[in-house]
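# Observations on chain architecture
Spelled out from the first residue to the last, the chains are:
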Amino acid sequence: MTRMRKICLFIVFFLSLGVSHPLWASSLRVTHACGGPATALVIGGNYWYQAEGANLHVLHKNKGTLLTTVKLASPATALCTELLLDGNLLYVLLDGKEVLEFDVINPMQPELIRTRTSDVLGILPHSLATVRNEPVVFGEGGVVALRDGKKIITCDCDIASAAKSTTEGIVYVSNRSIVSSKSGETLGRAAQLIELDPTANVDLGTILYLRSIGDETEVGLLAGDLQPIVSTLARVVLEGVPTNILTRGSRVFVTTTTGIHVLGIAPKELRLLRSFAIEGVENIGLLASNYFALSGNFGRGVYRISPDAGGPGETLFRIVPSHGVLGAGVYDVRTLQVPTGRGSILYRFNEGIEYSQDQIEPIEIQTSAIVLGGEARIQSQSGEVVISTDSGNVALALTQPAVTVIALEGNFWFGTQGGVSVCKQTSSGEFIEVDQVQLAGPIVQLISLFDGGVCFVSAAGFVGTLEEVQGEIALEQ
């Protein structure tokens, strides 16, 4: 045996004395997911673009037939909340995450040409709109123009809307205040500002405003200098909390929690022309003079305004069901029944969902769990987690605020505002976050399954299952 070989064997033997066990790494993966609410819609040419969960459906405008579907993200990981059509470009917002840009010159085959993440945008994106014919995205941190990616407004706030005034330039709404982007001065109060179509029958620069007043919605007109138009006819109060607003020419379509309201605009005048009592509508589009495209907590469908050869008026038909916000549900070894806004859904683990008209009460969200060595408690207001052990109480650092928790095989599984996290106890008795998966949240329920997996319920509208995959990555020395 050579001298060098002896040295190598000695080193290997010495190191082996310190080896206790392999170091394992875990990763969470979604094994099954389904659901997703019908959210934003936009009508362009002969096509109806409809967002549902993390999918974009392209429908024939008149027939309502599904022509193609584009997957925008992995199942249950994101929720498409807004669409904006600018010529042949369709902007798609995955709330708080990114904006996707599609070329829809061939609507049957939308082509993804650009993705802008929140890091690229420099804001957390929350809504899309058009400001002086420029498509923009609003959010936490400012306003960004979508055509060239330039930041129009920078602020330490969450911007809900913006418009261009004749005296202050671009103004924006944050925390229900109208703010000058130039001076930062507060100029008035509103929940939203909407620029009117150039063809609208109003004086140049007139802006529409919207305010929530308890269970009612105030809609009114502001002059170009942001002063309220002095007229008893320049504002209307509608029943219900606002969910969406659409302007076309001199018509304004406001959807609230109680129905659809059609307003007519004239100089210094705003009139309620007609209301339709239909609950649960969150998005609206114009298919024809007598037909709306609607989506909401019922799914999507077509609404006939007045009687015609097709049938009676004030009728919702061609309904493709989906569901709205989900709550924590009741379960057994095979199924989970989850309450929705209009009934419930039955989820067969790792299979699919069935819609039901049966109403069930949501169960209380579980905010504490116990494992050997500690108890985890979630502070409901802040989402902070406190771990109680024999040594005392210690705050647990998680990637996102927690909503719910379960104990599984000695570990804590947390449903958070944006996914699921697993926390394990170290040899020193400390609990640390070892893995997490991003999901459209908040996650309001976790259920341990007999096969070792975990079922999740997202208030955003998804149900599914997760598993923890482990693998040896290194030797612990």
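Scoring rules and cut-offs
- Residues numbered from 1 in each chain as written.
- Predicted model: local features only at pLDDT ≥ 70, side-chain atom pairs only at ≥ 80, totals over all residues.
- Heavy atoms only, no water.
- Salt bridge = Lys/Arg side-chain N within 4 Å of Asp/Glu carboxyl O.
- Disulfide = S-S within 2.5 Å.
- Buried < 20%, exposed > 50% of the residue type's maximum accessible area, 1.4 Å probe, protein only.
- Helix = DSSP H or I, 4+ residues; strand = E, 2+ residues; numbered from the N terminus.
- Pairing = 2+ DSSP bridges.
- Phe/Tyr/Trp six-rings, centres within 6.5 Å; stacked < 30°, edge-to-face > 60°.
- Patch = residues over 30% accessible without salt bridge, like charges linked within 9 Å, V, L, I, M, F, W, Y side chains within 5 Å.
- Areas by Shrake-Rupley, 256 points an atom, 1.4 Å probe, with all protein chains shown as cover.
- Lys, Arg positive; Asp, Glu negative; His and termini not counted.
- Charge placed at Lys NZ, Arg CZ, Asp CG, Glu CD.

Turning our attention to the pattern of salt bridges. A full pass over the atoms with the stated rule returns 14 salt bridges. For Asp308, the salt bridge identified is with Arg304, shortest N-O distance 3.3 Å. Taken together, the salt bridges that share partners define one network made up of Asp86, Glu134 and Arg147.

Moving on to the state of the cysteines. Scanning the entire structure with this criterion turns up 1 disulfide. We note that Cys34 lacks a disulfide partner, and the nearest cysteine sulfur, in Cys455, lies 9.1 Å from it. Counting only cysteine sulfurs, Cys455 is the nearest neighbor of Cys423, a cysteine outside any disulfide, at a range of 20 Å.

Glancing now at the pairing of strand 34 (residues 374–378). Here strand 34 shows one buried face, formed by Gly374, Ala376 and Ile378, and one open face, formed by Glu375 and Arg377. Relative to strand 34, strand 33 (residues 368–371) runs antiparallel, the two sharing 4 bridges. What sits directly across from Val371, in strand 34, is Gly374. If you look at the hairpin formed by strand 33 and strand 34, you'll find 2 residues sitting between the two strands, and Gly373 has a positive phi there, around 110 degrees. Looking at chain direction, strand 34 and strand 35 (residues 385–389) are connected through 4 bridges and run antiparallel. Residue pairing for strand 35: Arg377 is matched across the bridge by Val386. Counting the residues that bridge the hairpin from strand 34 to strand 35 gives 6 residues, and of these Gly383 lies at a positive phi of roughly 80 degrees.

This part is about the pairing of strand 6 (residues 80–86). Of the strand pairs in this sheet, strand 6 and strand 7 (residues 89–94) are connected by 6 bridges, and their pairing is antiparallel. Bridge pairing in strand 7 links Asp86 to Leu89.

On to the packing of aromatic side chains, then. In the structure shown here, the tally under the stated rule is 8 aromatic pairs. Ring centres 5.7 Å apart and planes at 75 degrees place the aromatic pair Phe276 and Tyr303 in the edge-to-face group. In this pair, Phe276 sits in strand 24 (residues 269–276) while Tyr303 sits in strand 27 (residues 299–304), placing the two residues 27 residues apart along the sequence. When sorted by exposure, Phe276 lands in the same class as Tyr303, which is buried. Between the aromatic rings of Tyr347 and Phe349, the centroid separation amounts to 5.9 Å while the plane-to-plane angle is 85 degrees, which identifies the pairing as edge-to-face. Of the residues examined, Tyr347 reaches a relative accessible area of 0% and is grouped as buried. Residue class for Phe349 comes out buried when judged on its relative accessible area of 12%.

Taken together, Asp215, Glu216, Glu239 and Glu279 make up a surface patch of like negative charges. For Asp215, the location among the structural elements is in the loop between strand 18 (207–213) and strand 19 (216–222).

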